[in-house]
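Working through the structure, step by step
Chain residues, written in single-letter form:
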Amino acid sequence: MLVFSEDSYEKALLSLFEGMGYQVQYGPDIERDYTIPEYTDVLETSIGRLNSNLPDAAISEAIKKLKNIDSGDAIRKNEKLMDYLQNGVEVSYYANGEVKHDLVYLADFEHVEMNDFRAVNQWTFVEKSEKRADIIVFLNGLPIVLLELKSPSREEAVASNAYKQIRNYLLEIPSIFTYNVFCVMSDMACSKAGTITAKEDRYMEWKTKDGVKLSTDFVDYDTFFEGMFQKERLLDLSKNFTCFSKEEKGDAKILAAYHQYFAVKKAVERTVSATNGDGKIGVFWHTQG
């Protein structure tokens, strides 16, 4: 009888990420300060490369702001980080005897190849206690996705237990969620994504790789991961399909579901086509969820 362990599943996912062009690394092999959540060396190199038109003083100021986000609790800090990621970090610096104001960008959303994508397993982080996440996906050194896996070979180790582990991480190592775009819980048979404010029933599957062919019987893990983690799509989800909603019961961070994502993409495509054609766009039906 073939037993597919959590370790085997982790290795299978890393192989999948490698096939999508990510650099795969083993966390314990990386020399670093375990009390710092970001991948510092990669972050500094990436920010400098992406903003080569700006002086070192501007880059240093942006990195300092990233490392010292002080906006209250983990959710407030995450909201600030998302603003930085989507719109750039405002900096001020001296040049030629005067104060200059500019934006330092954390990602290049137009040129995918300019960014650094890494999938690192067993990434240890120490805060209130020591925790080791199964896989962290880094964008330019920022830990933007946390993956918590459970063994697909044990009935009791369902994806729901991964959600409980993620909530425990939020209590024990909250600083790593400052930089989080979304989280993933998966036991191979069931893979779902959600934000740091999402309850378990708001985590969602991703049932297509291309928006055309749907996986309807069950969501095989490669459909989920190749659907969400193609480099260009991960950038798009981070930039254009993740936002905060102000609600009476508390702020909610929202990540678009797969059908919403592809519907918007088609609507935009149809709008662009209509402006160059007959001017007829059609109707876009929006539903909650």
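See the structure printed just above.
Notes on the structure in this doc start here. (Residues numbered from 1 in each chain as written. Predicted model: local features only at pLDDT ≥ 70, side-chain atom pairs only at ≥ 80, totals over all residues. Heavy atoms only, no water.)

A closer look at the sheet that holds strand 5 (residues 130–139)
Paired through backbone hydrogen bonds, the strands of a sheet run either parallel or antiparallel to each other. Reading across from one edge, 1-4-5-6-7-8 is the order of the 6 strands in this open sheet, with mixed pairing throughout. At either end of the open sheet lies a strand with only one pairing partner, and these are strand 1 (23–26) and strand 8 (191–194). When the angles between neighbouring strand axes are averaged without regard to direction, this sheet yields 30°. The sheet contact formed by strand 7 (residues 182–186) and strand 8 spans 4 bridges and is antiparallel. Among the inter-strand pairings, M185 is bridged to a residue of strand 8, identified as K192. Of the strands in this sheet, strand 5, strand 6 (142–149) and strand 7 touch helix 5 (residues 159–172), which is tilted by about 145° from strand 7. (Pairing = 2+ DSSP bridges. Helix = DSSP H or I, 4+ residues; strand = E, 2+ residues; numbered from the N terminus. Axes fitted to C-alpha atoms, helices over the stretch in contact; angles between N-to-C directions. Contact = heavy atoms within 4.5 Å.)

Here we look at the pattern of salt bridges
Inspection of every chain in the model, using the stated rule, returns 14 salt bridges. Here K11 makes a salt bridge to D7, at a shortest N to O gap of 3.3 Å. Note that K11 and D7 are positioned in helix 1 (residues 6–19) at a spacing of 4 residues, about one turn of the helix. Residue class for D7 comes out partly exposed when judged on its relative accessible area of 42%. Here D251 and K246 are joined by a salt bridge, their closest N and O atoms 3.0 Å apart. Assessed through its relative accessible area of 24%, D251 is described here as partly exposed. Several salt bridges share partner residues, and in doing so they unite D73, R76, E79, K246 and D251 into one network. (Salt bridge = Lys/Arg side-chain N within 4 Å of Asp/Glu carboxyl O. Buried < 20%, exposed > 50% of the residue type's maximum accessible area, 1.4 Å probe, protein only.)

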